[in-house]
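# Summary of the model geometry
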Amino acid sequence: ETAVFQTPNYHVTQVGNEVSFNCKQTLGHDTMYWYKQDSKKLLKIMFSYNNKQLIVNETVPRRFSPQSSDKAHLNLRIKSVEPEDSAVYLCASSYLGGTETLYFGSGTRLTVL
Amino acid sequence: GDSVTQTEGLVTLTEGLPVMLNCTYQTIYSNPFLFWYVQHLNESPRLLLKSFTDNKRTEHQGFHATLHKSSSSFHLQKSSAQLSDSALYYCALSANSGTYQRFGTGTKLQVVP
């Protein structure tokens, strides 16, 4: 099956903890993204990687750090989570270029208590 | 910077009536790409349709939209709403190839019997 796969589906943690989310795509794309969808359903770009290289880094707190081992994998680590980090984190992939269709994973819902 | 403005909040329609969800954009680039994504409940966003050609109608799954550069608009339309069209609809802009897609705030469409 070709798609974008995210783990975990849900994660509940306490303020100050560190969390990591994983994303893998089997679509053969060369670009991957992390988007944040908040409680109001606003969908905002956080990071974009092309062939393991960071190409977009929007205004995101420094506690967020993406990690890419190859063009098919993009992980997200959050050091010392804050309550405002509660959201759905959507991983997506595409061919390079903002003109290409984005394919989203099922998302990771983070709840920070 | 680039921005996307959509019909605010919730649009409630009776089944069978026409659908029109507004999307306007701002960009300094002359060749924008516009997208509509649909997100059904408990699912991820997926592409509905996209366009980069001025004044050309694009259709998919009964929906259509036309990019009008003169008015910076890309409204989503459908002649007859169905209950299954109830979902969250995002308009997105890619203003420069190689960058990411910027999403509007989303419009929730609720179709009632």
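Above this note sits the structure.
Attention in this report is confined to the structure presented alongside it. (Residues numbered from 1 in each chain as written. Chains lettered and ligands numbered in written order. Predicted model: local features only at pLDDT ≥ 70, side-chain atom pairs only at ≥ 80, totals over all residues. Heavy atoms only, no water.)

### Things to note about the environment of Arg63 of chain A
Residue and element names in this part refer to chain A. Tracing the backbone through its elements, the reader meets Arg63 in the loop between strand S6 (53-57) and strand S7 (64-70). Sequence separation between Arg63 and Val81 is 18 residues; the distance between their C-alpha atoms is 7.6 Å. Every residue in contact with Arg63, bar those within four places of it in the chain, is listed here: Arg77, Ile78, Lys79, Ser80, Glu82, Glu84 and Asp85. A polar contact of 2.8 Å, which involves the side chain of Arg63, links it to the side chain of Asp85. (Helix = DSSP H or I, 4+ residues; strand = E, 2+ residues; numbered from the N terminus. Contact = heavy atoms within 4.5 Å. Polar contact = N/O pair within 3.5 Å; in protein donor to acceptor, adjacent residues only side chain to side chain.)

### Here we look at the interface of chain A and chain B
Each partner contributes residues to the interface: chain A has 21 residues there, and chain B has 18 residues. In this assembly, chain A packs against chain B so that about 1,600 Å² is buried in total across both faces, 57% of it on carbon and sulfur atoms. When residues of chain A are sorted by the area they lose upon contact with chain B, Leu43, Gly98 and Thr99 of chain A head the list and together hold 33% of the total. Scanning the region where chain A abuts chain B turns up zero salt bridges. (Buried area = accessible area lost by both parts, 1.4 Å probe. Salt bridge = Lys/Arg side-chain N within 4 Å of Asp/Glu carboxyl O.)

### Some thoughts on the layout of surface pockets
Think of a ball as big as a water molecule: rolled over the atoms, this probe shows where empty space is left. Space inside the largest pocket adds up to approximately 640 Å³. Lining the largest pocket are 25 residues; nearest its centre among them are Lys41 of chain A together with Gln39, His40, Leu41 and Asn42 of chain B. For the lining of the largest pocket, the elements supplying multiple residues, two or more each, are strand S9 (87-94) and strand S11 (108-112) of chain A together with strand S10 (87-94) and strand S12 (107-112) of chain B. Per-element accounting of the lining of the largest pocket gives the leading share, three residues, to S12 of chain B. A class-by-class count of the residues in the lining of the largest pocket yields seven nonpolar, 13 polar and five charged. In this structure, the second largest pocket occupies an estimated 460 Å³ of space. Lining the second largest pocket are 24 residues, with Lys36, Leu43, Lys44, Ile45 and Thr59 of chain A positioned closest to its centre. Looking at the lining of the second largest pocket, the elements with two or more residues in it are strand S4 (31-37) and strand S5 (43-50) of chain A together with strand S1 (3-6) and strand S11 (102-103) of chain B. The element that contributes the greatest number of residues to the lining of the second largest pocket is S5 of chain A, accounting for four residues. Residues of the lining of the second largest pocket, tallied by class, amount to 11 nonpolar, five polar and eight charged. (1 Å grid on protein atoms, 1.4 Å probe; cavity = no way out; pocket = protein on both sides within 12 Å on 5 of 7 lines; lining within 4 Å. Points joined across faces, edges and corners; volume = space filled by probe spheres on them. Nonpolar A, V, L, I, M, F, W, Y, C, P; charged D, E, K, R; others polar.)

### Re the sheet that holds strand S1 (residues 4-7) of chain A
Residue and element names in this part refer to chain A. Taken together, the four strands give an open sheet; going across it, the order is S1-S3-S8-S7, and neighbouring strands pair in antiparallel fashion. Because the sheet does not close on itself, it has two edges, and the strands there are S1 and S7. With strand direction ignored, the average angle separating the axes of adjacent strands in the sheet is 20°. Bridge count between strand S3 (residues 19-25) and strand S8 (residues 73-78): four bridges; the pairing is antiparallel. For Phe21, the partnering residue across the bridge sits in S8 and is Leu76. (Pairing = 2+ DSSP bridges. Axes fitted to C-alpha atoms, helices over the stretch in contact; angles between N-to-C directions.)

### Things to note about the packing of aromatic side chains
For the structure shown, the criterion picks out 12 aromatic pairs over all chains. Measuring from centroid to centroid gives 6.1 Å for Phe104 of chain A and Tyr37 of chain B, while their planes differ by 90°, and the two rings are edge-to-face. In this pair, Phe104 of chain A is assigned in strand S10 (residues 103-104) and Tyr37 of chain B in strand S5 (residues 33-39), connecting two distinct chains. Residue Phe104 of chain A shares its accessibility class with Tyr37 of chain B, and that shared class is buried. Where Phe35 of chain B meets Tyr37 of chain B, the ring centres are 6.0 Å apart and the plane angle is 25°; that geometry is what we call stacked. Like Phe35 of chain B, the residue Tyr37 of chain B is buried in the burial classification. (Phe/Tyr/Trp six-rings, centres within 6.5 Å; stacked < 30°, edge-to-face > 60°. Buried < 20%, exposed > 50% of the residue type's maximum accessible area, 1.4 Å probe, protein only.)

### Things to note about the sheet that holds strand S8 (residues 63-66) of chain B
All names here are of chain B. Taken in spatial order, the four strands of this open sheet run S3-S9-S8-S7, and their pairing is antiparallel. Among the strands making up the open sheet, the edge pair consists of strand S3 (19-21) and strand S7 (57-60). Averaged over all pairs of adjacent strands, the angle between their axes in this sheet comes to 20°, without regard to strand direction. Taken together, the four bridges between S7 and S8 define a ladder with antiparallel strand orientation.

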